[in-house]
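# Structure at a glance
Each chain, written out:
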Amino acid sequence: LEKQTYFWAPVRLQVDSCLRTLSASRDPGEIVHALRTLTRNLEDGEFTRLHYTHAIQVLVSAHCFGGSCDDEEIKKLWCEMFLRGPPDQTLLLLLDTISSTGESAALERCMSVLEKFLSAGRLQVLLWSRCEVGGACSDSPQLRETIIGHLAALPSITCNHLHTDTPDAFLPQQYYPLLAASILDSLEKTCCALRAGQDCSLGFVAQVLGKVCIQGYTQIFETLAPRLSSLTRVDPLWQRVTQRLLEKVPERCTECVITGLIRSLTAAVSRLMGNLVVTNKKAQFVLTHKLLLQQYQHTTALLKSVLGYLALDSERRTLLKQVLRSVCQVWCNSSAVKHTSVEQQLYVSKALLLCVALLSHSEIQELRQEMFQCMLGGVQCRLDSSIERIRRMGMIVGECLSHKLDTPGSQLKFQYEADEETRELKSLMESPSVEDEDDEQHLQPESKVEGSAGQSVPSEAGRGSDSELDSDDDLTPYDMSADQEKKKSAPPRYVRDCLEALISSDDAERVELSLQQAEALFRKNVKATQEVSVQFSKVLLHLEDRYSTAHFHTLRQNAMVALTVTDVKPVVDYWTTEFYSLNYSLRQRMDILEVLALSAQELSEPIINKHAGAQPISAVTALEQCDDITHWRRSQPPQVTFDLLGSDHLVLGRLLHTLGLLMHLAINAPVASQMGRALLDFVWTVRFHTDQMVRRGVVFAVCGVFLSMPGENLLAELGDDLMETRAWLADVAENDCDADCRSLAVQSLMLLDKNLKTQLQIPDMET
């Protein structure tokens, strides 16, 4: 101890003398001498370990800048003290000073020297000092965590204090690429050291990377990922170093690091991560469960990267099969279909198809039973859904699984309208590559057809015709452009003739002409129409498209609407009675609802527009957020039973939407208040229905009530029920799994609050 004190005393005395000079002296010569003395000591380990932090604290607050001729040398020596000393101590002091100092010369000096600190590569020096074995042994856990926190949060620390005066070098878009380059530099030096037989530690760098990502700055991988992908392509040592870096990431940061990395990679996941998913339980949970089943905001490319990574190695393929089993359980769960959003179901469907596409024939045979049960249960519960996208999703996945299972005699085949989503789902089954390559080869379309000998053969379109076949080219064809097909049947001129043709005729042309003329005949001959209106309604309701008549559904619907508006009460009584009767198909019940809605729309219009006919229902359904029922004809087979509160939830959902629309169209009717009260009573019992379409219908109906009922009648008619309704809407707006339900609930709350505020306003008192 006496010997140690003997060596410390001269350095300590010398430093104290220099610092006193810098704190008190105004003589430039003395200041320069003191700074030179301190900078010479920067090579002394004793000085940097024991006295450096105190020295730069004095320098920050010292008034060393004057107007003398030696100012430039003072500035140079002052900066040198910060740029040649231990980078960790320098960084901590500068950031702490910036975050605690108001506008002053000291703040400006710290900002300036911190910019130079970053541009001079001191971050690389700091990181590498912790990679060398023994470089961070003297750090306490508290100091280590403080350094990591300051490195990861430099933009936040500076921006929170400097606000709009923050230099560009401290902003995230410049700082994190610089930090990424510093990490790459440390990894490169680590590779060189390992080749030279020296040991290194990547724990500190991994902790910095994890801290940056857990704070939300995963864009650091936009710089890291492409470079690591390139470096690991041909160098096994780089692969080992990168995999070791990811292994050392703290457990609490594993998810954000892995997610950020995979998002930034199109390939090379296996080279960078190795078998991390096998050895690290947190990484395994994230990659095999959380990214696939608990989250659904990720891209299809990320799904391909994750599942392709699992499929690339024999040790990881066990996890791929485990993932398939989990995804199958979720996909065929009827409760999940009812209570998760369409987007999440689409995401799970993609994961399922990608898993199946990556399986080998032997693995498919091993998992055959699970896949078969998944196909049967998942397809059935989706076909029962009232949302067209979900039904179509079930059809596509069912077809793909059926094809992959290759079950003789039980290949599933559905009819649906193809769109971009269906094409994407089907493309996932097209033998995805699991090779860990960065550059994909894209086949260019050939412009010529190859013959059997390899010679190019011109296409048929370019071949000349044989002379024998061209012998009639000089004949002039007849002009038939004005010709018209002669009709065998004449269009009906009377309503009863039209009715008779639709009832008894086997002539396809006569049926088509009758349908084309029906609407005009009804509107022109009101009295004759009223005599047979109910009978004609029955014929049209049961009429089938036996002859594939062009625009059959439109012509039939227009005729039914014309009948309804021409003889309202008896026809509407017929529709409403038949709607609840047994032995009607789903199509017929939905037709009744559409006709009632279109007829109500036409009847609600001003008299001047009455004969223009009903326009598409979308013209008055701006409040309705969902068009899932638009194509119900093409995707649901007929149903002859009627279980409105059970399996026929599609009809119930459409009924509620129709009632809400009728409520909206009755906005100017004297009975609007009574209608609103009755409608709320009706929908209240099904407000917690498990089907999304039904819940949308309930909220839409409530929205129609609030929009249509006079404000002064809301409190009088509904009374205490308003508060309960408002609480229920608030819960739907916050917690419902369906985005359309949440949106409609927000609209309803806004309408209710607006009406209540208007009615509860206290008028100004007259003095």
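Because the structure is a prediction, the values reported are computed rather than measured. (Residues numbered from 1 in each chain as written. Predicted model: local features only at pLDDT ≥ 70, side-chain atom pairs only at ≥ 80, totals over all residues. Heavy atoms only, no water.)

### A word on the overall build of the chain
- Along the chain, the regular secondary structure elements total 40 helices and two strands.
- When contacts within the chain are restricted to residue pairs at least 6 apart in sequence, long-range pairs at least 24 apart make up 73% of them. (Helix = DSSP H or I, 4+ residues; strand = E, 2+ residues; numbered from the N terminus. Contact = heavy atoms within 4.5 Å.)

### With respect to the packing of aromatic side chains
- Scanning the model with the defined rule gives eight aromatic pairs in all.
- A connected cluster of aromatic rings, assembled from ring pairs, spans Tyr175, Tyr176 and Tyr217.
- When the ring centre of phenylalanine 204 is taken as origin, the NZ or CZ atom of arginine 130, which lies over that ring, is 5.6 Å away.
- Cation over ring: arginine 382 sits above tryptophan 331, and NZ or CZ is 4.1 Å from the ring centre. (Phe/Tyr/Trp six-rings, centres within 6.5 Å; stacked < 30°, edge-to-face > 60°. Lys NZ or Arg CZ within 6 Å of the ring centre and 35° of its normal.)

### Examining helix α18 (residues 281–294)
- Here α18 spans only 17 Å end to end across 14 residues, well under the 20 Å set by a 1.5 Å rise per residue.
- Residue leucine 287 marks the point of greatest curvature in α18, where the axis turns by about 30°.
- For α18, the full list of buried residues reads Ala283, Gln284, Val286, Leu287, Thr288, Leu291, Leu292 and Leu293.
- Of the residues that open α18, the one with a side-chain oxygen 2.9 Å from the backbone nitrogen of lysine 282 is asparagine 280. (Expected span 1.5 Å × (residues − 1). Bend = angle between axes of the 7 residues up to and from the residue. Buried < 20%, exposed > 50% of the residue type's maximum accessible area, 1.4 Å probe, protein only. Polar contact = N/O pair within 3.5 Å; in protein donor to acceptor, adjacent residues only side chain to side chain.)

### Regarding the packing of helix α20 (residues 314–331) against helix α22 (residues 342–358)
- As a packed pair, α20 and α22 sit with axes 9 Å apart at the nearest point and diverge in direction by 140°. Compared by their axis directions, α20 and α22 come out oblique. The element α20 and its partner α22 pack so that their crossing is left-handed. Mapping the contact onto sequence places Arg317, Leu320, Val323, Leu324, Val327, Cys328, Val330 and Trp331 in α20 and Val348, Ser349, Ala351, Leu352, Cys355, Val356 and Leu358 in α22.
- When the residues that make up the contact of α20 with α22 are grouped by side-chain class, the tally is 13 nonpolar, one polar and one charged. (Axes fitted to C-alpha atoms, helices over the stretch in contact; angles between N-to-C directions. Parallel < 35°, antiparallel > 145°, perpendicular 65-115°, else oblique. Left-handed = near helix turned anticlockwise from the far one by under 90°. Nonpolar A, V, L, I, M, F, W, Y, C, P; charged D, E, K, R; others polar.)

### Some details on the nonpolar core
- Judged by nonpolar contacts, the single largest core of 145 residues is most densely connected at Leu151, Leu179, Ile220, Met273 and Leu352.
- Looking at this core element by element, the count peaks at twelve residues for α22.
- Built from parts of two domains, this core gets at least three residues from each of domain 1 (136–273) and domain 2 (276–429).
- If sequence neighbours within four positions are ignored, leucine 151 has contacts with Leu91, Leu123, Leu126, Leu127, Tyr175, Leu179, Phe204 and Val208.
- Counting 72 residues, the second largest nonpolar core, distinct from the first, contains Trp575, Leu644, Met663 and Leu718. (Core = buried A, V, L, I, M, F, W, Y, C linked by side-chain atoms within 4.5 Å. Domains from an automatic or database assignment.)

### Brief notes about the side chain of serine 385
- Locating serine 385 in the fold gives a position in the loop between α24 (368–383) and α25 (388–405).
- A polar contact is formed between the side chain of serine 385 and the backbone nitrogen of isoleucine 387, at a distance of 3.1 Å.

### Brief notes about the confidence of the model for the chain
- Taken over all residues, the pLDDT of the chain has a mean of 83, while the share at 70 or more is 83%.
- For residues 65–69, every residue scores under 50 in pLDDT, and the model assigns this stretch six contacts once sequence neighbours within four places are set aside. (pLDDT = per-residue confidence, 0-100.)

### Notes on the packing of α18 against α20
- As a packed pair, α18 and α20 sit with axes 11 Å apart at the nearest point and diverge in direction by 30°. Classified by the angle their axes make, α18 and α20 are roughly parallel. In this structure, α18 crosses over α20, and the sense of that crossing is right-handed. For the pair α18 and α20, the contacting residues are Gln284, Thr288, Leu292 and Leu293 in the first and Leu319, Gln322, Val323, Ser326, Val327 and Val330 in the second.
- Taken together, the residues of the contact of α18 with α20 break down into six nonpolar, four polar and no charged.

### Focus on unusual backbone geometry
- With a phi angle near 55°, histidine 163 is a residue other than glycine that sits in the positive phi range.
- Along the chain, the position of histidine 163 falls in the loop between α10 (154–162) and α11 (172–195).
- Look at histidine 163 and you get exposed, because its relative accessible area is 57%.
- The phi torsion at serine 548 lies on the positive side, around 50°, for a residue other than glycine.
- Its location among the elements puts serine 548 in the loop between α30 (533–542) and α31 (552–566).
- In this structure serine 548 comes out as exposed when scored by relative accessible area, which is 63%.

### Here we look at the pattern of salt bridges
- Overall, the coordinates contain 31 salt bridges when judged by the stated rule.
- Residue lysine 569 is joined to aspartate 573 by a salt bridge in which the shortest nitrogen-to-oxygen separation is 3.0 Å. Within this pair, lysine 569 and its partner aspartate 573 are both found in helix α32 (residues 568–579), separated by four residues, close to a single helical turn.
- Relative accessible area serves as the criterion here: at 60%, lysine 569 is assigned to the exposed category.
- A single network of salt bridges, built from pairs that share partners, joins Lys321, Arg325, Glu366 and Glu370. (Salt bridge = Lys/Arg side-chain N within 4 Å of Asp/Glu carboxyl O.)

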